[in-house]
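# Coordinate inspection notes
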Amino acid sequence: MVAVRAKVGGRGFIRTGALKKGKKVFKIDCQVPAADGIFDADMVTAFEQYFHQNTKLHGRKGKLSDKVKINYDENVLTVSTTMRYRKKYFKYLTKKFLKKKNLRDWLRILATGKQGYQLRYFNIRDEDNQEAE
């Protein structure tokens, strides 16, 4: 018989660490698709709802309490938190949302600074001009 041993290094309950002081604010600017009508009122509410449902806190989705606030004002989704999150996590969530709504082929997410992203279109015209030459 083979000896069975207990799991070593099981992850168990994962806690999201708190920031040492203050809070972080992440912004995702949706001005370009909103101006063209892609992000209409229904899409905006779906985007905000997606973030509420899929952002994880302490390894659980949707239970954000008062430590994470998500607002959508004037074509900008703002996530303000006192917990430790990486900026890339919100990029990941945005990409998943765009893929779910079949917009990933036309929109991309670009960094605008240390704490922000912006949704923009792919530069298809530039690629067509280079192929023609």
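As a reminder, the structure under discussion sits directly above these lines.
Note that the structure is a prediction, hence the values are computed from the model and not measured.

Our focus in this paragraph is the packing of helix α2 (residues 41-54) against helix α3 (residues 87-100). The geometry of α2 relative to α3 is characterised by a closest axis approach of 11 Å and an angle of 130 degrees between their N-to-C directions. Taken together, α2 and α3 sit at an angle that is classed as oblique. Along this stretch, α2 crosses α3, giving a crossing that reads as right-handed. Contacts between α2 and α3 pair Met43, Ala46, Phe47, Tyr50, Phe51 and Asn54 from the former with Tyr89, Phe90, Leu93, Thr94, Lys96, Phe97 and Lys100 from the latter.

To continue, consider the pairing of strand β6 (residues 107-111). Summarising the sheet, β6 and strand β7 (residues 116-121) pair through five bridges and their orientation is antiparallel. Its bridge partner lying in β7, arginine 108 is registered against arginine 120. Where β6 folds back onto β7 in an antiparallel hairpin, the turn is made up of four residues.

With that out of the way, let us pick up the nonpolar core. Core analysis: the biggest nonpolar cluster contains 27 residues, and Ile28, Phe39, Phe47, Phe51 and Phe90 have the highest contact counts within it. Every element with two or more residues in this core is listed here: β1 (24-29), α2, β4 (68-73), β5 (76-81), α3, β6 and β7. If sequence neighbours within four positions are ignored, isoleucine 28 has contacts with Phe47, Phe51, Asn75, Val76, Leu77, Phe90, Thr94 and Tyr117.

Let us now look at the sheet that holds β4. An order of β4-β5-β1-β7-β6 is seen for the five strands of this open sheet, with the pairing classed as mixed. Here the strands that pair on one side only, and so sit at the sheet edges, are β4 and β6. Along the sheet, successive strands turn relative to each other by an average axial angle of 20 degrees, direction set aside. Where β4 and β5 come together, six bridges link them in antiparallel fashion. Bridging from a neighbouring strand, valine 68 pairs with threonine 81 of β5. Contacting β1, β4 and β5, α2 runs over the sheet at an angle of about 170 degrees to β4. On the sheet, α3 packs against β1, β5, β6 and β7 and is oriented at approximately 30 degrees with respect to β7.

The residue glutamate 74 is not glycine, and still its phi comes out positive at about 50 degrees. Owing to a relative accessible area of 75%, glutamate 74 belongs among the exposed residues under this scheme. The phi dihedral of asparagine 75 is positive, around 65 degrees, even though this residue is not glycine. One can find asparagine 75 in the loop between β4 and β5. Under the relative-accessibility criterion, asparagine 75 is labelled partly exposed at 27%.

Rules and cut-offs
- Residues numbered from 1 in each chain as written.
- Predicted model: local features only at pLDDT ≥ 70, side-chain atom pairs only at ≥ 80, totals over all residues.
- Heavy atoms only, no water.
- Axes fitted to C-alpha atoms, helices over the stretch in contact; angles between N-to-C directions.
- Helix = DSSP H or I, 4+ residues; strand = E, 2+ residues; numbered from the N terminus.
- Parallel < 35°, antiparallel > 145°, perpendicular 65-115°, else oblique.
- Left-handed = near helix turned anticlockwise from the far one by under 90°.
- Contact = heavy atoms within 4.5 Å.
- Pairing = 2+ DSSP bridges.
- Core = buried A, V, L, I, M, F, W, Y, C linked by side-chain atoms within 4.5 Å.
- Buried < 20%, exposed > 50% of the residue type's maximum accessible area, 1.4 Å probe, protein only.

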